[in-house]
Amino acid sequence: MVTRQALNVTVNQMTNLRDTSLLHRPYEACSLLLGLVKDRIFLVKEIYHMQNVDRARNTFQMSGIDLMNAYEYSLGKNLDVIGIFHSHISGIRPSKKDMRFMEINPVVWLIYSVSDYQFGAYIMESTLKDVPIEVFRDLAFQHREEKGQLHVYYPKK
């Protein structure tokens with residue numbers, strides 16, 4: 001039996017990522033999602049904002065030094081890098097370049113469209129898979145099994 005997959009984030013984390021994207025436009029914003037993975041549920045604990053060294057409208061690149069610092073930080077917090085976030089000017093589907101990098105970075109990729117005000121999440125598992133986004137009020141609520149206050153965002157095709 002295959003268990004379902006989901007990206008669990010808080011309202012504040014989503015707001016932070018949206019605001020960061022809007023602040024950096026017209027360039028792509030980028031961040032790492034730090035947290036834990038349990039039973040194919042990607043639980044975001046922290047967001048580690050990165051600088052887009054490309055400073056481009058349709059690509060992003062994180063510097064090697066920034067990546068090393070982020071991984072050291074996550075190790076110190078006993079967290080894993082469970083996802084990569086970046087923004088697009090338009091559309092939430094991964095670009096061809098995104099998909100090439102998704103193949104070598106097998107984590108959830110969260111994309112925000114600044115023109116459409118939408119999020120989409122994906123993972124590459126031999127083929128591109130949509131990942132439902134479950135948004136919780138706070139981290140404590142993420143840990144409970146209650147689903148009453150759950151908002152699920154599915155990417156539009």
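Residues numbered from 1 in each chain as written. Predicted model: local features only at pLDDT ≥ 70, side-chain atom pairs only at ≥ 80, totals over all residues. Heavy atoms only, no water.

1. With respect to the overall build of the protein chain
Turning to step 1, where the next piece is worked out: Along its length, the protein chain carries four helices and nine strands.
Turning to step 2, where the next piece is worked out: Written out in order from the N terminus, the α and β elements of the protein chain read β-α-β-β-α-β-α-β-β-β-β-α-β.
Turning to step 3, where the next piece is worked out: Burial status across the protein chain gives 43% buried among its 157 residues.
Turning to step 4, where the next piece is worked out: Taking as baseline every contact in the protein chain between residues at least 6 positions apart, the subset at least 24 positions apart corresponds to 62%.
Turning to step 5, where the next piece is worked out: Per element, the accessible surface of the protein chain, about 8700 Å² overall, is 53% carbon and sulfur. (Helix = DSSP H or I, 4+ residues; strand = E, 2+ residues; numbered from the N terminus. Buried < 20%, exposed > 50% of the residue type's maximum accessible area, 1.4 Å probe, protein only. Contact = heavy atoms within 4.5 Å. Areas by Shrake-Rupley, 256 points an atom, 1.4 Å probe, with all protein chains shown as cover.)

2. Some words on the nonpolar core
When a protein is soluble and globular, its nonpolar side chains tend to lie buried together.
Turning to step 1, where the next piece is worked out: The biggest cluster of nonpolar side chains holds 20 residues, and the ones touching the most others in it are Leu7, Leu33, Leu110, Phe119 and Ile133.
Turning to step 2, where the next piece is worked out: Once you skip the residues sitting within four places of it in the chain, Leu7 turns out to touch Leu33, Phe42, Val44, Val108, Leu110, Ala121, Val131, Pro132, Ile133 and Glu134.
Turning to step 3, where the next piece is worked out: Counting residues in hydrophobic clusters, the runner-up holds 17 residues, among them Leu34, Leu79, Ile111 and Tyr122. (Core = buried A, V, L, I, M, F, W, Y, C linked by side-chain atoms within 4.5 Å.)

3. Thoughts on the pattern of salt bridges
Turning to step 1, where the next piece is worked out: For the coordinates displayed, the defined rule picks out four salt bridges.
Turning to step 2, where the next piece is worked out: For Lys77, the salt bridge goes to Glu46, with nearest N and O atoms at 3.6 Å. Of this pair, Lys77 sits in the loop between helix H2 (64-76) and strand E4 (80-88) while Glu46 sits in strand E3 (residues 41-50), placing them 31 residues apart in sequence.
Turning to step 3, where the next piece is worked out: Using a relative accessible area of 22% as the deciding quantity, one classes Glu46 as partly exposed.
Turning to step 4, where the next piece is worked out: Between Asp130 and Arg93 there is a salt bridge whose closest N-O contact spans 3.1 Å. With Asp130 in strand E7 (residues 127-130) and Arg93 in the loop between E4 and helix H3 (96-104), this pair connects stretches of sequence that are 37 residues apart. (Salt bridge = Lys/Arg side-chain N within 4 Å of Asp/Glu carboxyl O.)

4. Considering the confidence of the model for the protein chain
Turning to step 1, where the next piece is worked out: Averaged over the protein chain, the pLDDT score is 86; the fraction of residues at 70 or greater is 86%.
Turning to step 2, where the next piece is worked out: Ranking the elements of the protein chain by mean pLDDT puts strand E9 (residues 151-153) last with 36 and strand E5 (residues 108-113) first with 97.
Turning to step 3, where the next piece is worked out: Here residues 143-157 is modelled with pLDDT under 50, and outside its nearest four sequence neighbours on either side it reaches 33 contacts, counting other chains as well. (pLDDT = per-residue confidence, 0-100.)

5. Description of the layout of surface pockets
Turning to step 1, where the next piece is worked out: The space that makes up the largest pocket amounts to roughly 380 Å³.
Turning to step 2, where the next piece is worked out: Along its surface, the largest pocket is lined by 19 residues, and Phe60, Ile84, Phe101, Asn105 and Trp109 are the ones closest to its centre.
Turning to step 3, where the next piece is worked out: Listing elements by their share of the lining of the largest pocket, those giving two or more residues are H2, E4 and H3.
Turning to step 4, where the next piece is worked out: It is H3 that provides the largest number of residues to the lining of the largest pocket, a total of four residues. (1 Å grid on protein atoms, 1.4 Å probe; cavity = no way out; pocket = protein on both sides within 12 Å on 5 of 7 lines; lining within 4 Å. Points joined across faces, edges and corners; volume = space filled by probe spheres on them.)

6. Overview of the pairing of E3
Turning to step 1, where the next piece is worked out: For strand E1 (residues 6-10) and E3, the ladder comprises three bridges, and the chain directions are parallel. Note that in E3 the partner of Ala6 across the bridge is Ile41.
Turning to step 2, where the next piece is worked out: Relative to E3, strand E2 (residues 30-38) runs antiparallel, the two sharing nine bridges. When the bridges of E3 are listed, Leu32 appears paired with Tyr48.
Turning to step 3, where the next piece is worked out: Hairpin connection of E2 to E3: two residues between the antiparallel strands, including Asp39 at a positive phi of 50°. (Pairing = 2+ DSSP bridges.)

7. Comments concerning the environment of Tyr117
Turning to step 1, where the next piece is worked out: Mapping Tyr117 onto the fold places it in the loop between E5 and strand E6 (118-125).
Turning to step 2, where the next piece is worked out: C-alpha separation for the pair Tyr117 and Arg18, spaced 99 residues apart in sequence, amounts to 8.1 Å.

8. Thoughts on the packing of aromatic side chains
Given two aromatic rings, one states the distance between the centres and the angle between the planes to describe the pair.
Turning to step 1, where the next piece is worked out: Summed over the entire model, instances satisfying the criterion amount to four aromatic pairs.
Turning to step 2, where the next piece is worked out: Aromatic side chains Phe60 and Trp109 sit 6.1 Å apart centroid to centroid with 55° between the ring planes, which places their arrangement in the tilted category. Here the residue Phe60 occupies a position in the loop between E3 and H2, and Trp109 occupies one in strand E5, the gap between them amounting to 49 residues.
Turning to step 3, where the next piece is worked out: With centroids separated by 6.5 Å and ring planes inclined at 45°, the aromatic side chains of Phe85 and Phe119 adopt a geometry described as tilted. (Phe/Tyr/Trp six-rings, centres within 6.5 Å; stacked < 30°, edge-to-face > 60°.)

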